[in-house]
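# Summary of the model geometry
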Amino acid sequence: MPDAFAMLKDDHRTVEQLFSQFQQSQDPAVALQICDELTVHAMLEEELVYPILATKVATGLASEARHEHQEAKQLVSQIEAGLNSGSDVSGLVQQLQESVAHHVEEEERELFPKMQEAVPGLVDYLGADLATRKTELQAQVAEARDLGQSSAVVANKPVVS
């Protein structure tokens, strides 16, 4: 069974690498890839991780994490709009990188360990759900991109259970 927190940390490392790649290349395709990765990752956490955080650990921590996601989503939307209009988005990508770096540090140093302590076995049962949902979300984001839409289209869809 996949380790839930290892999967989320792998996502963090992937995005960090993409930010580094963008800094070097300024490639709009890399900026879009960052947006897509963060959209999928945020949705995974909001749907599957933060409800557990709120009920089993601390509502305030979950609220703060959701607020940070909202800030990142706004930047993702601005980056996508800028790319569509041909604008230079390097400043926005830098802002997003700084925001994400802060958020990742909090998750990895504080939230994930607290969750593992509060809910023994969480890593095991959450991992499979995260893996399944991630595949679904990646397919939805890819489909949206194929249709010329933003990743926000997927992020704003209601969750069907």
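Residues numbered from 1 in each chain as written. Predicted model: local features only at pLDDT ≥ 70, side-chain atom pairs only at ≥ 80, totals over all residues. Heavy atoms only, no water.

### Side note on the overall build of the protein chain
A tally of regular secondary structure across the protein chain gives six helices and zero strands. The helix and strand sequence of the protein chain, counted from the amino end, reads α-α-α-α-α-α. Relative to the compact-globule value of 15 Å for 161 residues, the protein chain shows a C-alpha radius of gyration of 16 Å, a close match. For the protein chain, the C-alpha atoms occupy an extent of roughly 50 × 30 × 25 Å along the three principal directions. Within the protein chain, contacts between residues at least 6 apart in sequence are counted, and of these 74% link residues at least 24 apart. A total accessible area of about 8,300 Å² is found for the protein chain, and carbon and sulfur atoms account for 50% of it. Between the mean site of the 11 positive side-chain charges and the mean site of the 27 negative ones, the protein chain shows a separation of 4 Å. (Helix = DSSP H or I, 4+ residues; strand = E, 2+ residues; numbered from the N terminus. Rg over C-alpha atoms; globule rule 2.2 N^0.38 Å. Contact = heavy atoms within 4.5 Å. Areas by Shrake-Rupley, 256 points an atom, 1.4 Å probe, with all protein chains shown as cover. Lys, Arg positive; Asp, Glu negative; His and termini not counted. Charge placed at Lys NZ, Arg CZ, Asp CG, Glu CD.)

### What to know about the pattern of salt bridges
Per the counting criterion, the structure on display carries 10 salt bridges. As a salt-bridge pair, Arg133 and Glu47 come within 2.6 Å of each other at their nearest N and O atoms. In this pair, Arg133 sits in helix α5 (residues 122-146) while Glu47 sits in helix α2 (residues 28-57), placing the two residues 86 residues apart along the sequence. Assessed through its relative accessible area of 14%, Arg133 is described here as buried. With a shortest N-O distance of 3.0 Å, Arg133 and Glu136 are connected by a salt bridge. Here Arg133 pairs with Glu136, and both are found in helix α5, just three residues apart, close to one helical turn. Overall, Glu136 belongs to the partly exposed group, its relative accessible area being 37%. By sharing partners, the salt bridges in this structure join Arg13, Glu16 and Glu108 into a single network. (Salt bridge = Lys/Arg side-chain N within 4 Å of Asp/Glu carboxyl O. Buried < 20%, exposed > 50% of the residue type's maximum accessible area, 1.4 Å probe, protein only.)

### Examining the nonpolar core
Core analysis: the largest hydrophobic core is formed by 27 residues, its most contacted members being Phe5, Val49, Leu53, Met115, Leu122, Leu126 and Leu130. Of all elements in the fold, only α1 (4-25), α2, α3 (59-85), α4 (90-118) and α5 reach the threshold of two or more residues within this core. In this structure Leu122 touches Phe5, Ile52, Met115 and Gly127, once residues within four positions along its chain are discounted. Core analysis: the second largest hydrophobic core is formed by 18 residues, Leu18, Phe19, Phe22 and Val89 among them. (Core = buried A, V, L, I, M, F, W, Y, C linked by side-chain atoms within 4.5 Å.)

### Quick word on α3
Taking 1.5 Å per residue as the helical rise, α3 with its 27 residues ought to reach 39 Å, and the 39 Å between its terminal C-alpha atoms agrees with that figure. Residues Leu61, Ala62, Ala65, Glu68, His69, Ala72, Leu75, Val76, Ile79, Glu80 and Gly82 constitute the buried set of α3. Where α3 ends, the next residue or the one after it, Gly86, has phi of about 80°, a positive value. (Expected span 1.5 Å × (residues − 1).)

### Quick word on the packing of α1 against α4
α4 packs onto α1 with a crossing angle of 160° between their chain directions and a minimal axis gap of 11 Å. Here α1 lies roughly antiparallel to α4, going by the angle between them. The hand of the α1/α4 crossing is left-handed. Here Phe5, Leu8, Lys9, His12, Arg13, Val15, Glu16, Phe19, Phe22 and Gln23 of α1 come into contact with α4, specifically with Ser90, Val93, Gln94, Leu96, Gln97, Val100, Val104, Glu107, Glu108, Phe112, Met115 and Gln116. Residues that form the contact of α1 with α4 fall into these classes: 11 nonpolar, six polar and five charged. (Axes fitted to C-alpha atoms, helices over the stretch in contact; angles between N-to-C directions. Parallel < 35°, antiparallel > 145°, perpendicular 65-115°, else oblique. Left-handed = near helix turned anticlockwise from the far one by under 90°. Nonpolar A, V, L, I, M, F, W, Y, C, P; charged D, E, K, R; others polar.)

Function-wise, these values are silent; they only describe arrangement.
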